[in-house]
Amino acid sequence: MIHGALPLAADGLNFDWSFLARSIFHPSGPFLHGLVRTVYISVLAQALGTLGGLAVELARRSRWKPLRRAGATYVWLIRGTPLLVQLVIVYNGLAALNLYRFTDITLGPVVILGVVQAAVLTLAMNEAAYMAEIIRAALDAIDVGQKEAAVALGMPPAMTMRLVLLPQAARICVPPLGNEFNLMMKSTSLLSVIGLQEMFLTAQAINSATFKTFEIFLTVAVYYLMLTTIWGFVQGWIERRFAGPTQAVSSPRLRERLFAGSAA
Amino acid sequence: MTAAAPVLLEARDVVKRFGDRPAVDGVSMKIHRGETVVIIGPSGSGKTTFLRCLNHLEPIDAGDVLIDGTSVGYREGRRGPVELSPREVAVTRRRIGFVFQRFNLFAHLSALDNIALAPRNLLGLSRMDAEERARQLLARVGLADKEASRPAQLSGGQQQRVAIARALAMRPEVMLFDEPTSALDPEMVSEVIAVMRELAEEGMTMVVVTHEMGFARAAADRIVMMDAGRILEEGPAAEMISDPVHDRTRRFLTQIAH
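Model, not experiment: these values are computed from the prediction.

## Quick look at the packing of helix H3 (residues 111–122) of chain B against helix H4 (residues 127–140) of chain B
Residues and elements named next belong to chain B.
- Closest axis-to-axis distance for the H3/H4 pair is 8 Å, and the angle between their directions is 130°. With respect to H4, the axis of H3 lies oblique. Seen from above, H3 lies across H4 with right-handed handedness. Contact residues: Ala111, Leu112, Asp113, Ile115, Ala116, Pro119 and Arg120 in H3; Arg127, Ala130, Glu131, Arg133, Ala134, Arg135, Leu137 and Leu138 in H4.
- When its residues are assigned to classes, the contact of H3 with H4 shows nine nonpolar, no polar and six charged.

Laid out in structure tokens, this is it:
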């Protein structure tokens, strides 16, 4: 019998409880800093991406054909390529091409790193394509009578959109928007590839110094789970707030949200 | 109303096709100021489509619709009529109120806001003035106590009355009603009809697509019978109901009267 593939457990599990407990309950400064970055980059990128998505969708509904084409092409390009590739193209590719180099910007006491700018921009651009799709679906879900009623009163198209359609679409958008933000927070781990010290890359740095790979990335997983769980609370609150009498079905309670196998 | 009143709304040989099928096949009609015209006809006769052509909810394929001599939706181009931009059409539409079969109240707004929205944003009324106007209209349709209610909290009859108030808030010169009671439970029909009768008595110019012959008998100056996209016959309400020329009209009236 050849013992080429001996189960590792035969040596005893190489698991350091106290290291895990320490890294979860007393995370290091750089790790916390990475966590904070993960949060604010996600929030910024989601906000900009939502606005961008609205702009793209409005372009796709324009009366002007070139604008419709441009919007459709944008969604096609962005959804058709991996975020990871987009990140490298925007941050490293553009610099290598000598086209644009993201440099640090100092605004009073705050320094915005070039890599952070590239990260927020790319994540927002990527998100805009998906948000455009979500907003499209929401607008399409609104009964056509709503638009006709506004038009019959004499509202021009832009006003109909602003006063009648978008407020109703916003409500429909909340659950998928929550899903998008959940994904966004986890997508920030991809930023490690352009060298942004967010939570995941910080963990990698700690790993190469300690080799406690399992404990460290379990910690990372716990922290992402914490972020997405907190967001679950916030989203539930937003949905309950938004749910007017127009909405027949109330949003699921947190317990259902956590354990009913929601897509994410 | 007397036929001497000036023509307010006029359809001239209006044609509307869906694909190859003409839904409205050359309909002309003059509606005088203060007149109430009821359009009847079997399902598929083109009456709803015709009504929607009157305020350009449906662009037309031929003919013209004029309000006070101004085309609704078109201007004269070098090679025939050119459709106006949605913005331009919108300005003309403010003169024409429209009430839908399915009410179409803005689902995200209270009854009051449903009514106040257009005057505030299109007529430049202040919030206070627009809400004051809305309150008066709600009182007029008997729903003063429902101003904070959302559409989903109102019965069909109440929703339709709010919808009428919403259209009236723009102070239109003519009101178009597209089967306003067809989506209502029977016990709610009368409350909507009562509001419409009052309007007619106050001298509002109205075009009403309906099968409510009670309303037609009481409020209509004229009844127009449509069939297969054309006007089959028309005449004063009493004559049309009691003594129609065409057998088709007679059979139709019997069918809906049962």
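Okay, back to it.
## As for the sheet that holds strand E4 (residues 62–67) of chain B
Residue and element names in this part refer to chain B.
- Read from one edge to the other, the open sheet built from four strands follows the order E2-E1-E4-E5, with strand pairing classed as antiparallel. Either end of the sheet is taken by a strand with one partner, and the two such strands are strand E2 (21–32) and strand E5 (70–71).
- Strand direction decides the pairing type here: strand E1 (residues 7–18) and E2, joined by nine bridges, are antiparallel. Counted as the bridge partner of Glu10 is Lys30 from E2.
- Strands E1, E2 and E4 of the sheet are contacted by helix H1 (residues 47–54), whose axis makes an angle of about 120° with E1.

## Examining the nonpolar core
- Counting 54 residues, the largest nonpolar core has Met155(A), Met29(B), Phe50(B), Leu54(B) and Leu176(B) as the members making the most contacts within it.
- It is helix H7 (residues 157–187) of chain A that contributes the most residues to this core, seven residues altogether.
- Apart from the residues within four sequence positions on either side, Leu54(B) is in contact with Leu9(B), Ala11(B), Val65(B), Val72(B), Ile96(B), Leu176(B) and Val207(B).
- Core analysis: the second largest hydrophobic core is formed by 49 residues, Leu105(B), Leu137(B), Leu184(B) and Met225(B) among them.

## Re the layout of surface pockets
Residue and element names in this part refer to chain A.
- Estimates place the volume of the largest pocket at around 950 Å³.
- Examining the composition of the lining of the largest pocket, we find that five residues originate from one element, H7, more than from any other.
- Taken together, the residues of the lining of the largest pocket sort by class into 16 nonpolar, four polar and ten charged.

## Brief notes about the interface of chain A and chain B
- Chain A puts 23 residues into the contact, and the matching count from chain B is 27 residues.
- Here chain A and chain B share an interface that buries about 2100 Å² over both sides, 67% of which is from carbon and sulfur atoms.
- Counting across the chain A and chain B interface gives one salt bridge.
- For Glu148(A), the salt bridge identified is with Arg52(B), shortest N-O distance 2.5 Å.
- At the junction of chain A with chain B, the criterion picks out seven residue pairs in polar contact (both at pLDDT 80 or more).

## Observations concerning a nonpolar patch on the surface
All names here are of chain A.
- On the surface, a cluster of nonpolar side chains totalling about 370 Å² of accessible area is made up of Leu84, Val85, Val88, Ile89 and Val193.
- If you trace the backbone, Val85 turns up in helix H4 (residues 83–96).
- The exposure class assigned to Val85 is partly exposed, which follows from its relative accessible area of 40%.

## Comments concerning the packing of aromatic side chains
All names here are of chain A.
- The full count for this structure, using the stated rule, is eight aromatic pairs over all chains.
- Pairing Tyr100 with Phe102 gives two aromatic rings, centres 4.9 Å apart and planes at 85°, and the pair type is edge-to-face.
- What makes Tyr100 partly exposed here is its relative accessible area of 43%.
- For the ring pair Phe181 and Trp231, a centre distance of 4.7 Å and an interplane angle of 70° mean the geometry is edge-to-face. Taken as a pair, Phe181 in helix H7 and Trp231 in helix H9 (residues 213–242) lie far apart in primary sequence, 50 residues in all.

What counts, and where the lines are drawn
Residues numbered from 1 in each chain as written. Chains lettered and ligands numbered in written order. Predicted model: local features only at pLDDT ≥ 70, side-chain atom pairs only at ≥ 80, totals over all residues. Heavy atoms only, no water. Axes fitted to C-alpha atoms, helices over the stretch in contact; angles between N-to-C directions. Helix = DSSP H or I, 4+ residues; strand = E, 2+ residues; numbered from the N terminus. Parallel < 35°, antiparallel > 145°, perpendicular 65-115°, else oblique. Left-handed = near helix turned anticlockwise from the far one by under 90°. Contact = heavy atoms within 4.5 Å. Nonpolar A, V, L, I, M, F, W, Y, C, P; charged D, E, K, R; others polar. Pairing = 2+ DSSP bridges. Core = buried A, V, L, I, M, F, W, Y, C linked by side-chain atoms within 4.5 Å. Buried < 20%, exposed > 50% of the residue type's maximum accessible area, 1.4 Å probe, protein only. 1 Å grid on protein atoms, 1.4 Å probe; cavity = no way out; pocket = protein on both sides within 12 Å on 5 of 7 lines; lining within 4 Å. Points joined across faces, edges and corners; volume = space filled by probe spheres on them. Buried area = accessible area lost by both parts, 1.4 Å probe. Salt bridge = Lys/Arg side-chain N within 4 Å of Asp/Glu carboxyl O. Polar contact = N/O pair within 3.5 Å; in protein donor to acceptor, adjacent residues only side chain to side chain. Patch = residues over 30% accessible without salt bridge, like charges linked within 9 Å, V, L, I, M, F, W, Y side chains within 5 Å. Areas by Shrake-Rupley, 256 points an atom, 1.4 Å probe, with all protein chains shown as cover. Phe/Tyr/Trp six-rings, centres within 6.5 Å; stacked < 30°, edge-to-face > 60°.

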